[in-house]
Structure formats: C-alpha cells, structure tokens
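Working through the structure, step by step
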Amino acid sequence: MKRLIIAAMRESYGKDDVRTMTVAELIAALEEFDDDAQVILSHDSGYTYGGIRYELMEETEDEEDE
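Notes on the overall build of the protein
Check the secondary structure of the protein and you find 1 helix and 3 strands. For the protein, the sequential pattern of α-helices and β-strands runs β-α-β-β. For the protein, the C-alpha radius of gyration of 14 Å lies well beyond 11 Å, the compact-globule estimate for 66 residues. Seen through its C-alpha atoms, the protein measures out along the principal axes to roughly 45 × 25 × 20 Å. Counting across all 66 residues of the protein, residues that qualify as buried make up 6%. Looking at the protein alone, contacts between residues at least 24 apart form 63% of all its contacts between residues at least 6 apart. Only carbon and sulfur atoms are counted for the fraction: they give 50% of the accessible area of the protein, which is about 6,500 Å².

Looking at the side chain of Ser42
Positionally, Ser42 belongs in strand S2 (residues 38-43). At 3.2 Å, the side chain of Ser42 and the backbone nitrogen of Gly46 are in polar contact. Once residues lying within four places of it in the same chain are set aside, the contact partners of Ser42 are Ile5, Ile6, Ala7, Ala8, Thr48 and Tyr49.

With respect to the sheet that holds strand S3 (residues 48-51)
One open sheet holds the 3 strands; their spatial order is S1-S2-S3, and the pairing between them is mixed. Strands at the two margins of the open sheet, each flanked by one partner only, are strand S1 (3-7) and S3. Averaged over all adjacent pairs, the angle separating strand axes in this sheet is 35°, with direction ignored. As paired strands, S1 and S2 are joined by 5 bridges and run parallel to one another. Across the sheet, residue Leu4 finds its bridge partner in S2, namely Val39.

Quick word on the pattern of salt bridges
This model, assessed by the stated rule, comprises 4 salt bridges. Put simply, Lys2 and Asp34 hold a salt bridge, and the shortest N to O gap is 2.3 Å. Of this pair, Lys2 sits in the segment before S1 while Asp34 is found in the loop between helix H1 (23-30) and S2, placing the two residues 32 residues apart along the sequence. Residue Asp34 is classed as partly exposed on the basis of its relative accessible area of 39%. Where Lys15 meets Asp62, a salt bridge forms, and the shortest distance between an N and an O atom there is 3.3 Å. With Lys15 in the loop between S1 and H1 and Asp62 in the segment after S3, this pair connects stretches of sequence that are 47 residues apart.

Cut-offs applied
- Residues numbered from 1 in each chain as written.
- Predicted model: local features only at pLDDT ≥ 70, side-chain atom pairs only at ≥ 80, totals over all residues.
- Heavy atoms only, no water.
- Helix = DSSP H or I, 4+ residues; strand = E, 2+ residues; numbered from the N terminus.
- Rg over C-alpha atoms; globule rule 2.2 N^0.38 Å.
- Buried < 20%, exposed > 50% of the residue type's maximum accessible area, 1.4 Å probe, protein only.
- Contact = heavy atoms within 4.5 Å.
- Areas by Shrake-Rupley, 256 points an atom, 1.4 Å probe, with all protein chains shown as cover.
- Polar contact = N/O pair within 3.5 Å; in protein donor to acceptor, adjacent residues only side chain to side chain.
- Pairing = 2+ DSSP bridges.
- Axes fitted to C-alpha atoms, helices over the stretch in contact; angles between N-to-C directions.
- Salt bridge = Lys/Arg side-chain N within 4 Å of Asp/Glu carboxyl O.

Below, the structure written as structure tokens:
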C-alpha cells in the first residue's frame, strides 16, 4: 500500500501566522503522487498519526474578510 505522509507542524497559536498553501497549490502538489496512495498526517515527528476525512473539513471566513 502506498502512503503519502505529510508532516503536520505546530507553527502558531493564530491562524494568521501559519505558513500554508492554497487549495490550488495543494491540488497541484498532490497530482505528483499516485491516486490510490493513502494520505496520512504525521504529528510530533512521527510519534502519532492522523488521517484526512471529508467530515473533518470546514471552510471558514474571518469576519474582517467579509
């Protein structure tokens, strides 16, 4: 079984200070990997792991952006 492991890092206590990519950039990056590879998040330098599931996704918009 192929797996794509993404090292999740704690970078900040605020959303505005997190360095991240856009959805479009993420889609482009994922196109480099096999379609059937499982996506797994690695936490604490590989001490614990978690998955990505649709029901865990939420799109939000900050009030000042409206």
